[in-house]
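What follows is the residue order along each chain.
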Amino acid sequence: MRRDIFQAVADPTRRAIIALIALQAMTPNAIAEHFDTTRQAISKHLRILTECELVKQQHQGREIYYLLEIDKMKEIDKWLEQFRKIWETRFLQLDNLLSILKKQQK
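This one's a predicted model, so the numbers in the text were calculated from it and none came from an experiment.

Draft legend 1. Region of the structure containing the packing of aromatic side chains. In this structure the tally under the stated criterion is three aromatic pairs. One aromatic cluster in this structure is built from Phe6, Trp79 and Phe83. Taking NZ or CZ as reference, arginine 90 lies 5.3 Å from the ring centre of tryptophan 87, over its face.

Structure representation (structure tokens):
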């Protein structure tokens, strides 16, 4: 089953994993130490993140390290940008309204 990046970030555990490996590449065991869940559950989350191409595996000897795919995160940022613009406009309108009300009170 093909998943998209929004399915990956919908889960709070996967978002936490993304935040962890954004700082540095980590092994599944190192990631699992940060959660109160089984190693198998973390492996399932990592598999979903890998399927969505938000993380990639890097083999170093016997170990597998998971790294964040920054370019995929940019897809999320691009989608969020439309909402960011809407909220910035609304905050500017609110700021203008508050300025008008403040002037009227004086």
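Moving on from the model shown.
Draft legend 2. Representation of helix H4 (residues 39-51). Counted at 1.5 Å a residue, the expected span for H4 with its 13 residues is 18 Å, and the 18 Å between its end C-alpha atoms agrees. Those residues of H4 that fall on the buried side of the exposure criterion are Ile42, His45, Leu46, Ile48 and Leu49. The arc enclosing the buried residues of H4, seen along the axis, measures out at 160°, which places them on a common side. Looking at the packing, one finds that the buried side of H4 touches helix H1 (5-9), helix H2 (12-23), helix H3 (28-32), strand S1 (55-60) and strand S2 (63-68). Within two residues after H4, glutamate 53 carries a phi angle of roughly 65°, on the positive side.

Parameters and conventions
Residues numbered from 1 in each chain as written. Predicted model: local features only at pLDDT ≥ 70, side-chain atom pairs only at ≥ 80, totals over all residues. Heavy atoms only, no water. Phe/Tyr/Trp six-rings, centres within 6.5 Å; stacked < 30°, edge-to-face > 60°. Lys NZ or Arg CZ within 6 Å of the ring centre and 35° of its normal. Helix = DSSP H or I, 4+ residues; strand = E, 2+ residues; numbered from the N terminus. Expected span 1.5 Å × (residues − 1). Buried < 20%, exposed > 50% of the residue type's maximum accessible area, 1.4 Å probe, protein only. Arc of directions from axis to C-beta. Contact = heavy atoms within 4.5 Å.

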